[in-house]
Amino acid sequence: MSRPTLPPVPYHASALRPSWPALPAALRAAVAERLGAPVVSARVAGAGFTRGFAAVLQTADGGRAFIKAAPATEQPHLVDWYAREAAILDRLPAALPAPRPRWTLYEAGWFVLCTDAVDGHTPRLPWVRGELDATLAGYAEVAAALADPPAELTALGLPHLANLARSDILWWEEVAAGREPTPPLPPPARGRLPELVALESRLPQYAAGSTGLIHGDLRVDNVLIDADGRAWFCDWTWVCSGPAWFDLAGLLLTAYASGLDADRLFAAHPATVGAPPDALDATLAALAGYYLTGAAAAPPTTSPHLPAHQRWSGEQTLDWLARRQGWR
């Protein structure tokens, strides 16, 4: 084990969201009507990097529900994301550890997604071994269920990771060609741009043959640990066709930063069965470029903590890759 490196912002408090009273009165009334009782308290979600409303609502009759909401005029991208997530959640296998959807609503210019509330907390960093074990076991369950996804889910026409990689994830080639500025690089990665381009270029090829579905955005802040120690997976907007080892690499980034043997954890997980020998290296190279270039171009509609999260994630990803490649 190496010394843990903690992120610059705690993931349970990374969001900047409106409060329940700040929402339009007509919207609050419509939500309460759908919930069947007046809302007596709202616990705003601290995790995440969007500025959309997200909270666990408690009603006067003792009911609880989780609500996401965004205004169509000011945040149309969030409306699209929440609507996409609603369609995906409605078609996920029912037994998966994911919030179950209840309803959607459009009122006062806002789109609302309501799901069951998961009573849990964001995993602690450095990772507590019991919480990490539960998360890895839970993701093994998810990966197995989505390896042969239900037809109603694939009928949504979800994107393929191979195409997403080419259009949105692979950035080192853009840097090498001068179309994107070179982000600050830690010492072990300086002068390694040709190797980074070569490694990331393998990801679309490796992902192309996959017929299963993956979460697509599996990070520590998209996990909740409930009172029984079970891991639940949230924020399903970015489900796509791809190999489960891609999800696993993104999840284990914080395990690496926690000083754990992330190489061993990756190799031992069922999601990596049949993965190419350098699948982890290709993924780390791609994610490093994605995070480091994104840190310099975060839109103002996101949390102000997003650039720091992306920069830290990119640096940790490059450090992990440099250790694996012997660049130190």
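Structure: above.
Computed from a predicted model, the values in this text were never measured in an experiment.

(A) Region of interest: the sheet that holds strand β8 (residues 223–226). Across the sheet, three strands lie side by side as β6-β8-β9; this open sheet has antiparallel pairing. The open sheet is flanked by β6 (120–121) and β9 (231–233), the only strands paired with a single partner. With three bridges connecting them, β8 and β9 associate as antiparallel partners. Bridge pairing links Val223 to Phe233 in β9. Lying over the sheet, helix α3 (residues 129–146) contacts β6, β8 and β9, oriented at roughly 50° with respect to β9.

(B) Region of interest: the sheet that holds strand β1 (residues 39–44). Pairing is antiparallel across the open sheet formed by five strands, whose spatial order is β1-β2-β3-β5-β4. The open sheet is flanked by β1 and β4 (101–107), the only strands paired with a single partner. Going across the sheet, the axis of each strand differs from the next one's by a mean of 25°, ignoring polarity. Packed on one face of the sheet, helix α1 (residues 25–35) meets β1, β2 (53–59), β3 (64–71), β4 and β5 (110–115) and runs near 150° to β4.

(C) The arrangement of the layout of surface pockets in detail. There is about 290 Å³ of room inside the second largest pocket. Together, 21 residues line the second largest pocket, and Ala143, Ala147, Pro243, Ala244 and Ala271 are the ones closest to its centre. Contributing elements (two or more residues each) for the lining of the second largest pocket: α3, β7 (213–214) and α9 (244–257). Considering each element in turn, the lining of the second largest pocket owes the most residues, four residues, to α3. Among the residues making up the lining of the second largest pocket, the classes are represented as 15 nonpolar, six polar and no charged.

(D) Focus on the environment of Ser14. Residue position: Ser14 is located in the segment before α1. The exposure class of Ser14 is buried, given its relative accessible area of 0%. A C-alpha to C-alpha distance of 6.1 Å links Ser14 and His305, two positions 291 residues apart in sequence. A polar contact is formed between the side chain of Ser14 and the backbone oxygen of Gly48, at a distance of 2.9 Å.

(E) Structural context of the pattern of salt bridges. Evaluation of the coordinates by the stated rule reveals 13 salt bridges. Measuring nitrogen to oxygen at the nearest pair gives 2.7 Å for the salt bridge that ties Lys68 to Asp235. With Lys68 in strand β3 and Asp235 in the loop between β9 and β10 (240–241), the pair connects residues that are 167 residues apart, well separated along the chain. Asp221 is the salt-bridge partner of Arg219, the closest N and O atoms lying 2.6 Å from each other. Since its relative accessible area comes to 7%, Asp221 is described here as buried. Among the charged side chains, a network of salt bridges with common partners joins Lys68, Glu85 and Asp235.

(F) View of the nonpolar core. Counting residues in each nonpolar core, the largest one holds 79 residues, and the members touching the most others are Leu92, Tyr139 and Trp236. Considering every element that reaches this core, the biggest residue donor is α9, with 11 residues. Once residues lying within four places of it in the same chain are set aside, the contact partners of Trp236 are Glu85, Ile88, Leu89, Leu92, Ala98, Pro99, Val142, Leu146 and His215. Judged by nonpolar contacts, the second largest core, of 17 residues, contains Trp20, Ala55, Leu57 and Val112.

(G) Representation of the side chain of Gln75 in the model. Positionally, Gln75 belongs in the loop between β3 and α2 (76–91). Accessibility expressed as a relative area gives 10% for Gln75, which makes it buried. If near-sequence neighbours (up to four positions away) are discounted, Gln75 is found in contact with Arg51, Gly52 and Ala70.

(H) Structural context of the packing of aromatic side chains. For the structure on display, the rule yields six aromatic pairs. Relative to Phe49, the ring of Tyr11 has its centre 6.3 Å away and its plane inclined at 85°; by these criteria the two rings are edge-to-face. Highlighted residues: Tyr11 in the segment before α1 and Phe49 in the loop between β1 and β2, separated in sequence by 38 residues. The exposure classification of Tyr11 matches that of Phe49, with both residues buried. It is Arg230 that lies over the ring of Trp232; its NZ or CZ is 5.0 Å from the centre.

(I) Structural context of empty space enclosed by the protein. Applying the stated criterion across every chain, the model contains one cavity of 30 Å³ or more. Its boundaries defined by the atoms lining it, the largest cavity holds a volume of some 60 Å³. Every residue lining the largest cavity is listed: Tyr11, Arg219, Val220, Gly250, Leu251, Leu253, Thr254, Tyr291, His309, Trp312 and Ser313. Counting residues per element, the lining of the largest cavity draws most heavily on α9, which supplies four residues. Grouping the amino acids of the lining of the largest cavity by side-chain chemistry returns six nonpolar, four polar and one charged.

(J) Looking closely at the side chain of His215. Along the chain, the position of His215 falls in the loop between β7 and β8. The class of His215 is buried, set by a relative accessible area of 1%.

Cut-offs used in this document
Positions within a chain are numbered from 1, following the residues in the order the chain's sequence is written. This being a predicted model, a pLDDT of at least 70 is required before a residue's local features are given, and a value of 80 or more before pairs of side-chain atoms are given or counted; all residues contribute to the totals for chains, interfaces and linings. For side-chain calculations, the full set of non-hydrogen atoms in the structure is used, while hydrogens and water are omitted. By definition, two strands form a pair when at least two bridges between them are found by DSSP. Helix numbers and strand numbers start at the N terminus; a helix is a DSSP run of H or I with at least 4 residues, a strand a run of E with at least 2. Working rule for contacts: check all heavy atoms of both residues, and any pair within 4.5 Å makes them a contact. Fitted lines through C-alpha atoms give the axes, limited to the stretch in contact for helices. The angle between two N-to-C directions lies from 0 to 180 degrees. For cavity detection a 1 Å grid was placed over the protein atoms alone, and a set of points counts as a cavity when a 1.4 Å probe fits there but cannot get out; an open set counts as a pocket when protein lies on both sides within 12 Å along at least five of seven lines, with lining residues being those that have an atom within 4 Å of a point. Grid points are joined across faces, edges and corners, and a volume is the space filled by probe spheres set on the points. Gly counts as polar in this scheme, as do all residues outside two lists: the nonpolar Ala, Val, Leu, Ile, Met, Phe, Trp, Tyr, Cys and Pro, and the charged Asp, Glu, Lys and Arg. Per-residue accessibility, obtained with a 1.4 Å probe over protein chains only, is compared with the maximum for each type, and a residue is labelled buried under 20%, exposed over 50%, and partly exposed between these values. The term polar contact refers here to a pair of N or O atoms within 3.5 Å; inside protein, the definition further demands a hydrogen-donor-capable atom paired with an acceptor-capable atom, and it admits residues adjacent in sequence only when both atoms are side-chain atoms. Here, a salt bridge means any side-chain nitrogen of Lys or Arg that lies within 4 Å of a carboxyl oxygen of Asp or Glu. Nonpolar core, defined: a set of buried Ala, Val, Leu, Ile, Met, Phe, Trp, Tyr and Cys residues in which side-chain atoms within 4.5 Å join the residues together. In this scheme Phe, Tyr and Trp rings, the latter by its six-membered ring, pair at centre separations within 6.5 Å, and the angle between planes marks the pair as stacked below 30 degrees, edge-to-face above 60, and tilted otherwise. When the NZ atom of lysine or the CZ atom of arginine is within 6 Å of a ring's centre and also within 35 degrees of its normal, the charge is said to sit over that ring.

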